[in-house]
Amino acid sequence: GNRPCEELYLNYGNRPCEEYALQYGFVPNRNPGDGLVFPLGPSTTNVPINRKIYLTWDDIRFVGDNVRDECANYLDNMPSSLSDDVQELAFLQSGRGVQEKNVESADCDEYEGSECQAVVAEMRDRSIMALHYRIAKKQLLTALAGRPSSSASTSAFGT
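Residues numbered from 1 in each chain as written. Predicted model: local features only at pLDDT ≥ 70, side-chain atom pairs only at ≥ 80, totals over all residues. Heavy atoms only, no water.

(A) Summary view of the overall build of the chain. Scanning the chain for helices and strands turns up 6 helices and 2 strands. Taken from the N to the C terminus, the helices and strands of the chain come in the order α-β-β-α-α-α-α-α. Within the chain, residue pairs in contact and separated by at least 24 positions form 53% of the contacts whose partners lie at least 6 positions apart. On the chain, roughly 10,200 Å² of surface is accessible, and the fraction owed to carbon and sulfur atoms is 51%. (Helix = DSSP H or I, 4+ residues; strand = E, 2+ residues; numbered from the N terminus. Contact = heavy atoms within 4.5 Å. Areas by Shrake-Rupley, 256 points an atom, 1.4 Å probe, with all protein chains shown as cover.)

Okay, structure coming up:
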């Protein structure tokens, strides 16, 4: 048992980021239990058909150049970069401009003042969670691609 005032530690287990986000409301940084399903086309394998592999943080040292190149190509063709996502996260967490940005997408005509603020706050919280998730996946892809991680992207979870 535990003594009064003794610090308790909670172990969530080895889970993918999806489970952390959905069940616990946060996404850990560099989660060892996380991975991603990555498509391998005919150019990355000697097999003429497309197939998928599951890549994790443990695979970083073992992936070949062809998989590194595919990860880099995948990152380069995403609509936003890891750095863009980190900046957006910092912006949302600062609270600057959140009201103006999200009021447009929240149909506040249906709500009174405080209700509209609650809708906007919920949208902000969901956006922050989605960005944490997206950053976690891009950090893994960046590592798999053999690219250095910028200080901004590694500190995204510090707040």
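Next comes the rest of the account.
(B) Seen up close, unusual backbone geometry. Of note, the phi angle at Cys5 is positive, near 70 degrees, even though the residue is not glycine. Within the secondary structure layout, Cys5 lies in the segment before helix H1 (17-24). In the Ramachandran plot, Arg30 falls in the positive-phi region, its phi being about 45 degrees despite a non-glycine side chain.

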